[in-house]
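Below, each chain spelled out in residue letters.
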Amino acid sequence: MEENQKRNNNSLLGALAAILVLAIAGLIYFFVSNKKAAKEAERMEILVDSLDQVRSSLASELDSLNNEYYAIAIENDSLKGSLENSKEIIQQKDNQIWRANKKAQDADALRQEITNLEAAKNELASTITRLGTENDELKEANAELQEQVTTFKQENTDLQSQVSEMNQANELMQQRMSQLIDASYKASGMQVEAMRSSGKSTIRARQVRKVNIGFDLVDVPEEYHGAQNIYLSITDANGLPIVAEATKVKVGSQTKALVIESVDSKKVNIDNSQRIEFNYEVPDKLKRGFFVVSIYTGKGLLGSTILKLI
């Protein structure tokens with residue numbers, strides 16, 4: 001009887017020991033599993049935080065690019081008149097930033113959001129570069145047009161000034177022509193040529209070193225035959241002589257007497273017909289403009305013409 005009791009007790013102890021071992025093993029397994037789960041949760045939390053930082057950084061960078069885009073889009077609009085299109089693109093970028101600012105709940109969502117942000121950033125950067133290039137080209141084109149406008153305005157001003165000066169010179173010449181001593185006695189075939197020091201003709205004022213004047217006196221009435229002084233007068237459009245040392249000479253009859261300023265003169269024996277020439281060396285450099293060249297005798301004006309130098 002005792003022996004049976006002893007065997008039963010031993011069996012019970014063995015069962016209790018086995019249960020205890022299983023319990024301990026279960027506790028160990030539960031502890032290890034729980035620790036792994038905690039570590040995995042911690043790793044995922046770190047990953048999410050890291051991705052969230054990347055997303056925030058990209059959102060901030062995109063926001064900065066958006067401000068730059070807004071400024072350059074407005075500049076582009078002032079050059080092309082496309083503000084509405086620029087505002088629409090800016091609104092799209094604002095929507096992307098708004099979506100980027102929403103809190104992502106898991107790593108996959110964050111990765112997708114980061115991909116979208118990178119694509120938006122690249123697109124916006126490319127648009128900014130394109131608009132910058134386009135704006136530079138428009139600025140260059142506008143600068144060229146402005147330069148042309150300025151040039152045209154200056155040319156128009158110069159042309160108006162030349163027309164005004166030419167009208168003055170023409171009026172002065174017409175006034176002098178009214179002083180002709182006799183319609184049957186005047187210079188004909190009058191030619192004026194500005195010359196360089198090399199002997200070649202020129203129309204550039206700074207190159208002029210000599211002015212050659214030639215004219216004909218044909219069918220001169222006999223009453224005007226004989227030795228006479230011929231005077232050369234060269235004035236600007238305002239009637240001022242081209243040199244300060246011009247000689248004042250009184251010509252004409254008592255009823256039509258006038259004082260001229262002669263830059264050169266010569267005594268000529270006037271006959272029925274002859275060709276007379278002056279080769280006047282310019283002492284000073286001439287300015288650009290219109291000049292009135294006139295020929296006189298002691299009895300009055302023989303003829304006038306206009307010389308233009310540029």
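Residues numbered from 1 in each chain as written. Predicted model: local features only at pLDDT ≥ 70, side-chain atom pairs only at ≥ 80, totals over all residues. Heavy atoms only, no water.

S.K.: Break down the overall build of the protein chain for me, citing the residues and quoting the values.
M.R.: Secondary structure summary: the protein chain contains three helices and nine strands in total. When the helices and strands of the protein chain are listed from N to C terminus, the series reads α-α-α-β-β-β-β-β-β-β-β-β. Put simply, of all contacts in the protein chain between residues at least 6 apart along the chain, 72% involve residues at least 24 apart. A total of about 20000 Å² of accessible surface is found on the protein chain, and carbon and sulfur atoms cover 50% of it. (Helix = DSSP H or I, 4+ residues; strand = E, 2+ residues; numbered from the N terminus. Contact = heavy atoms within 4.5 Å. Areas by Shrake-Rupley, 256 points an atom, 1.4 Å probe, with all protein chains shown as cover.)

S.K.: Tell me what's going on with a positive patch on the surface, and back it up with residues and numbers.
M.R.: A cluster of basic residues, R196, K200, R204, R206, R209 and K285, forms a positive patch on the protein surface. For R209, the location among the structural elements is in the loop between β1 (187-195) and β2 (210-217). Of the residues examined, R209 reaches a relative accessible area of 34% and is grouped as partly exposed. (Patch = residues over 30% accessible without salt bridge, like charges linked within 9 Å, V, L, I, M, F, W, Y side chains within 5 Å. Salt bridge = Lys/Arg side-chain N within 4 Å of Asp/Glu carboxyl O. Lys, Arg positive; Asp, Glu negative; His and termini not counted. Charge placed at Lys NZ, Arg CZ, Asp CG, Glu CD. Buried < 20%, exposed > 50% of the residue type's maximum accessible area, 1.4 Å probe, protein only.)

S.K.: Explain the packing of aromatic side chains residue by residue, including any values.
M.R.: In total, this model carries zero aromatic pairs according to the counting rule given. The aromatic ring of F278 is capped on one face by K266, whose charged end is 5.0 Å from the ring centroid. (Phe/Tyr/Trp six-rings, centres within 6.5 Å; stacked < 30°, edge-to-face > 60°. Lys NZ or Arg CZ within 6 Å of the ring centre and 35° of its normal.)

S.K.: Which residues make up the nonpolar core, and what are the values?
M.R.: Formed by 31 residues in total, the largest nonpolar core has its most connected members in F215, L217, L232 and I234. Broken down by secondary-structure element, the contributors of at least two residues to this core are β1, β2, β3 (226-236), β6 (264-270), β7 (274-281), β8 (289-297) and β9 (300-309). With four residues, β2 is the single largest residue contributor to this core. (Core = buried A, V, L, I, M, F, W, Y, C linked by side-chain atoms within 4.5 Å.)

S.K.: Let's hear about the sheet that holds β2: which residues, and what values?
M.R.: A sheet is described by the order of its strands in space; here three strands give the open sequence β1-β2-β7, paired in antiparallel fashion. Across the chains shown, the open sheet's two edge strands, defined by having one partner strand only, are β1 and β7. The average angle at which neighbouring strand axes cross in this sheet is 10°, direction not considered. Of the strand pairs in this sheet, β1 and β2 are connected by seven bridges, and their pairing is antiparallel. Note that in β2 the partner of Q191 across the bridge is G214. (Pairing = 2+ DSSP bridges. Axes fitted to C-alpha atoms, helices over the stretch in contact; angles between N-to-C directions.)

S.K.: Explain the pattern of salt bridges to me, using residue names and the numbers behind them.
M.R.: Enumeration according to the criterion identifies three salt bridges in this entry. For E134, the salt bridge goes to R130, with nearest N and O atoms at 3.6 Å. Taken together, the residues E134 and R130, both in helix α3 (residues 107-177) and four residues apart, mark about one turn of the helix. The exposure class assigned to R130 is partly exposed, which follows from its relative accessible area of 47%. Salt-bridge contacts for E261 lead to K248; the nearest nitrogen and oxygen are separated by 3.1 Å. Here E261 is found in strand β5 (residues 258-262), whereas its partner K248 is found in strand β4 (residues 247-251), with 13 residues between them in sequence. We classify E261 as partly exposed; its relative accessible area is 24%. Judged by its relative accessible area of 60%, K248 falls in the exposed class.

S.K.: Report on the sheet that holds β6, specifying residues and quantitative values.
M.R.: Taken in spatial order, the four strands line up as β6-β3-β8-β9 in an open sheet, and their pairing is antiparallel. Only two strands of the sheet have a single partner each, and these edge strands are β6 and β9. The average undirected angle you get between the axes of adjacent strands in this sheet is 20°. In this structure, β3 lies alongside β8, joined through seven bridges in antiparallel fashion.

S.K.: Account for a negative patch on the surface, with residues named and values stated.
M.R.: On the surface, D136, E137, E140, E144 and E147 cluster together into a patch of negative charge. Counting through the fold element by element, E137 comes out in helix α3.

S.K.: Outline the environment of R209, supporting the account with residue identities and numerical values.
M.R.: Remark: the alpha-carbon pair of R209 and A194, spanning 15 residues in sequence, is separated by 7.6 Å. Look past the residues within four positions of R209 in its chain and what remains in contact with it is M195, R196, S197, Y280, E281, V282 and K285.

S.K.: Describe the pairing of β2, and please don't skip the residues or the numbers.
M.R.: For β2, a buried count of six out of eight residues is recorded, marking the element as mostly surrounded by other parts of the structure. Direction of pairing for β2 relative to β7: antiparallel, over a ladder of eight bridges. Counted as the bridge partner of K210 is E281 from β7.

S.K.: Account for unusual backbone geometry, with residues named and values stated.
M.R.: Among all residues save glycine, negative phi is the norm, and among peptide bonds the norm is trans. Positive phi, close to 55°, is recorded for D219, a residue that is not glycine. For D219, the position within the fold is in the loop between β2 and β3.

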